[in-house]
Amino acid sequence: MTIRVYNTLTRQKEALEPLIPGKIKMYVCGPTVYDSCHIGHARSVVVFDVIYRYLRARGYDVFYVRNFTDVDDKIINRANTLAMSPEAVAKKYIKEFRQDMAVLNMCSPDLEPLATAHISHIIRIVRILEEKGFAYHRDGDVFFSVEKWPEYGKLSGRKLEDMEAGARVEVDQRKENPFDFVLWKASKPGEPAWDSPWGKGRPGWHIECSAMSAKYLGETFDIHGGGKDLIFPHHENEIAQSEAAFGKPFVRYWIHNGFININHEKMSKSLGNFLMINDIVNTWHPEALRLFLFSNHYRSPLDYTEQAMHEAASGLDKIYGPLLRIEEHIGKWPPEFEKYGPDNNGGVLWNRFCEAMDDDFNTARGIGILFEAVRILNRAIDEKGLSGVMRDSLETSRIADLLKTGNVLGIMAETPHRYFEKRKEAVLESGGIDRDWIEEKIRERAEARKTKDFARADAIRDELGQYNIVLEDRPEGTIWKHGDGKT
RNA sequence: GGCGGCAUAGCCAAGUGGUAAGGCAGAGGCCUGCAAAGCCUUUAUUCCCCGGUUCGAAUCCGGGUGCCGCCUCCA
């Protein structure tokens with residue numbers, strides 16, 4: 001089976017054929033560290049996280065680089081507002097970003113280079129561009145001349161003459177063409193500055209990615225990704241710079257993820273509806289957020305709503321449900337499948353999941369298959385009992401497959417007991433109650449049930465319901481759970 | 001003005017030529033004192049509209065309508 005990916009450059013799905021068979025070199029544009037991360041960042045990072053995980057699961061040796069843009073106008077502005085140095089601002093938000101990523105169960109890239117640590121590489125490329133005649137300088141600024149690069153516009157599918165130059169921004173009169181972009185920027189006093197052939201200055205936004213990707217992945221590499229908004233101008237400019245400088249194709253497959261809307265509205269500063277990762281994971285389980293993000297295709301727009309998160313959270317409970325039953329049955333987690341069955345890599349479930357993922361990382365389809373598998377597993381448990389299931393190699397291989405898909409999606413990473421326990425703790429905290437009190441209520445209810453005082457029993461259940469507690473009467477006794485998807 | 005995307009049940013969503021996955025919500029059933037959880041059944045004669053190609057189209061082609069994104073910093 002070959003993996004097919006939608007390539008923004010060719011506007012079609014193509015078979016993924018890495019430059020070096022079996023190896024994939026992937027570069028994803030990371031954040032400009034001037035503020036906290038919002039759900040849009042989360043989507044982008046999660047999308048490439050699952051691509052990374054899937055490619056590895058399919059046996060590729062993946063080298064994954066994601067940069068931090070740690071020098072930029074936005075950072076300088078932010079530093080002025082906060083009365084901090086730009087370096088301190090960058091450091092603060094890099095730390096925050098890493099925390100957010102850890103909470104969201106994100107794999108770390110193999111490398112997370114900083115723009116400011118690669119100034120000499122950047123300068124070297126700007127000089128090459130200047131020597132080759134693709135760049136010109138004006139008072140300490142160096143610009144890339146888009147007219148010298150005939151293929152300019154090939155990624156975003158636009159022609160220079162079709163674009164409304166300066167429609168919304170004032171054009172710098174020193175530019176030869178309004179779409180010329182800055183490679184190197186003269187620093188004003190007090191701004192971060194490095195010595196360069198053109199005087200004290202700092203890199204333009206796009207050049208760092210050309211420099212760092214070339215250094216770590218080579219002048220041609222396999223996958224380059226980011227949000228859709230980066231197609232123009234950022235990635236268009238990267239292509240121009242890199243291909244002009246190195247004289248060879250830059251990237252084989254361009255992958256771009258779609259945007260997130262909040263309650264059917266675009267996220268924007270003016271609407272003030274930016275949703276931060278931190279706000280979401282304070283309310284919902286991080287894996288519920290991941291599940292939500294995978295609920296439709298990565299290139300489509302995705303609408304964040306309270307209801308959608310509820311559904312994702314319910315779905316996650318549904319997935320963890322049978323896992324908890326298995327954990328309780330075998331008394332540990334994760335199960336060791338070698339003991340139960342020979343075939344634990346590549347059952348029907350895993351193969352169907354791969355089929356979905358092979359088709360341009362179709363996680364929505366993959367999740368459909370996963371839920372089907374959960375239902376089949378629940379049914380098997382109902383019919384054969386847990387010991388019956390765990391003795392059946394067909395069933396255990398399905399469980400192994402289920403955990404494998406979870407590993408690709410970055411969910412089911414908690415032990416089931418712990419997953420539900422966390423949610424129960426949240427119930428205790430928000431209700432200001434403790435376990436003993438609940439257990440006492442459950443005992444009282446058991447007494448009432450014994451004497452067939454069902455009115456009393458139901459009253460106790462209703463009372464607990466007020467604290468978002470749900471009771472389940474099981475053969476082995478009554479247990480309590482959290483009532484809704486929030487944590 | 002230029003470029004691109006989308007339109008599938010109450011909601012979310014997969015499906016790119018062979019007769020509509022999956023989730024949430026709803027209805028009925030099994031189980032239960034009643035519930036909850038789980039399971040079973042059920043919920044689109046039909047995929048925005050109109051034409052066309054085809055034995056056959058949600059899927060391809062032409063036209064229309066509606067919504068959205070980008071062209072400016074933005075994931």
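Every chain begins its residue count from 1, and numbering advances along the sequence as written. The order in which chains are written sets their letters, starting at A; the order in which ligands are written sets their numbers, starting at 1. Local features in this predicted model are restricted to residues of pLDDT 70 or higher, and side-chain atom pairs are both shown and tallied only at a pLDDT of 80 or more, whereas totals for entire chains, interfaces and linings draw on every residue. Side-chain metrics rest on all non-hydrogen atoms present in the structure, leaving aside hydrogens and water.

1. So, the domain arrangement of chain A
Inference 1: Reported domain spans reflect what an automatic or database domain assignment gives. The domain boundaries assigned to chain A delineate domain 1 (4-266), domain 2 (305-414) and domain 3 (417-482).
Inference 2: Contact criterion: two residues are considered in contact whenever any of their non-hydrogen atoms come within 4.5 Å of each other. Between domain 2 and domain 3, the residue contacts involve 9 residues of the former and 8 residues of the latter.
Inference 3: Here domain 2 and domain 3 share an interface that buries about 780 Å² over both sides, 53% of which is from carbon and sulfur atoms.
Inference 4: What gets called buried area is simply the loss in accessible area from a 1.4 Å probe that two parts show on being joined, summed for both. Per-residue buried area on domain 2 facing domain 3 is highest for Asp317, Leu324 and Glu414; these three make up 61% of the total on that side.

2. Details of the packing of aromatic side chains
Inference 1: In summary, the pairing rule links any two rings of Phe, Tyr or Trp, Trp by its six-membered ring, whose centres are within 6.5 Å, and it sorts them by plane angle into stacked for under 30 degrees, edge-to-face for over 60 and tilted for everything else. Across all of its chains, the model carries 18 aromatic pairs by this definition.
Inference 2: With centroids separated by 5.6 Å and ring planes inclined at 90°, the aromatic side chains of Phe292 and Tyr304 adopt a geometry described as edge-to-face. Here Phe292 is found in helix 8 (residues 286-293), whereas its partner Tyr304 is found in strand 13 (residues 302-304), with 12 residues between them in sequence.
Inference 3: Think of it in three bands: residues with accessible area under 20% of the maximum for their type are buried, residues over 50% are exposed, and the middle band is partly exposed, with areas taken using a 1.4 Å probe on protein chains only. Residue classification places Tyr304 among the buried residues on the basis of a relative accessible area of 9%.
Inference 4: Between Trp437 and Tyr467, the ring centres sit 5.3 Å apart and the planes meet at 75°, which makes this aromatic pair edge-to-face. Taken together, the residues span a long stretch of sequence, with Trp437 in helix 14 (residues 435-450) and Tyr467 in the loop between helix 15 (454-465) and strand 14 (469-474) at a distance of 30 residues. Strands are runs of DSSP state E lasting at least 2 residues, helices are runs of H or I lasting at least 4, and numbering of each runs from the N terminus.

3. So, the environment of Glu425
Inference 1: Following the sequence through the fold, Glu425 ends up in helix 13 (residues 416-431).
Inference 2: Put simply, Glu425 and His482 are 57 residues apart on the chain and 8.8 Å apart in space, counted from C-alpha to C-alpha.
Inference 3: When residues no more than four places from it in sequence are discounted, the contact partners of Glu425 are Arg418 and Arg435.

4. Looking at helix 5 (residues 207-217)
Inference 1: Summarising burial for helix 5: 9 of the 11 residues are buried, a large majority.
Inference 2: Just past helix 5, the residue Gly218 takes up positive phi, approximately 105°.

5. Focus on the packing of helix 10 (residues 348-358) against helix 12 (residues 393-409)
Inference 1: Note on geometry: axes are lines fitted to C-alpha atoms, helical ones only across the stretch in contact, with angles between N-to-C directions running from 0 to 180 degrees. One way to put it is that helix 10 packs onto helix 12 with a least axis distance of 7 Å and a crossing angle of 30°. The angle between the axes of helix 10 and helix 12 places the two elements in the roughly parallel class. Taking contact as the criterion, the partners of Val348, Leu349, Trp350, Phe353 and Met357 in helix 10 are, on helix 12, Arg398, Asp401, Leu402, Lys404, Thr405, Val408 and Leu409.
Inference 2: Its residues assigned to classes, the contact of helix 10 with helix 12 shows 8 nonpolar, 1 polar and 3 charged. An angle counts as roughly parallel when it lies under 35 degrees, as roughly antiparallel when it exceeds 145, as roughly perpendicular when it falls between 65 and 115, and as oblique in every other case. Here the nonpolar group is Ala, Val, Leu, Ile, Met, Phe, Trp, Tyr, Cys and Pro; Asp, Glu, Lys and Arg are the charged ones; every other residue, Gly included, is treated as polar.

6. Some words on the nonpolar core
Inference 1: Core analysis: the largest hydrophobic core is formed by 95 residues, its most contacted members being Ile39, Leu55, Phe292, Tyr304 and Phe361.
Inference 2: Both domains that furnish three or more residues to this core are identified here as domain 1 (4-266) and domain 2 (305-414).
Inference 3: If we ignore the near neighbours within four places in the chain, the residues touching Ile39 are Ile260, Ile262, Met267, Leu275, Ile277, Ile280, Leu289, Phe292 and Tyr304.
Inference 4: Among buried residues, those of type Ala, Val, Leu, Ile, Met, Phe, Trp, Tyr and Cys that are joined through side-chain atoms within 4.5 Å constitute a nonpolar core. Core analysis: the second largest hydrophobic core is formed by 25 residues, Ile122, Ile123, Phe181 and Phe246 among them.

7. Looking at the packing of helix 1 (residues 39-57) against helix 10
Inference 1: For the pair helix 1 and helix 10, the least separation of the axes is 12 Å and the interaxial angle reads 130°. Considered as vectors, helix 1 and helix 10 are oriented oblique to each other. In the crossing of helix 1 with helix 10, the sense of the turn from one axis to the other is left-handed. Residues Val50, Tyr54 and Ala57 of helix 1 form the contact with helix 10, whose own contacting residues are Trp350, Cys354, Met357 and Asp358.
Inference 2: Broken down by class, the residue content of the contact of helix 1 with helix 10 amounts to 6 nonpolar, no polar and 1 charged. For any helix crossing, the convention is left-handed if the near helix is rotated counterclockwise from the far helix by under a right angle, and right-handed if that rotation is clockwise.

8. Digging into unusual backbone geometry
Inference 1: For the bond from Phe232 to Pro233, the omega torsion is 0°, close enough to zero to count as cis.
Inference 2: With respect to the helices and strands, Pro233 occurs in helix 6 (residues 231-246).
Inference 3: With an omega dihedral of -5°, the bond running from Trp333 to Pro334 counts as a cis peptide bond.
Inference 4: Residue Asp360 is not a glycine yet carries a positive backbone phi of 55°.
Inference 5: Note that Asp360 resides in the loop between helix 10 and helix 11 (363-391).
Inference 6: Judged by relative accessible area, which is 0%, Asp360 ranks as buried.
Inference 7: Even without glycine at this site, Asn468 takes up a positive phi of about 65°.

9. A word on the sheet that holds strand 13
Inference 1: Should DSSP find at least two bridges between two strands, the strands are taken to pair. With respect to topology, 3 strands assemble into an open sheet ordered 12-11-13, the strand pairing being mixed. With partners counted over all chains shown, the strands left at the sheet margins are strand 12 (265-266) and strand 13, one partner each.
Inference 2: As judged from the 3 bridges shared by strand 11 (residues 260-262) and strand 13, these two strands associate in the parallel manner. Paired with Ile260 across the two strands is Leu302, which belongs to strand 13.

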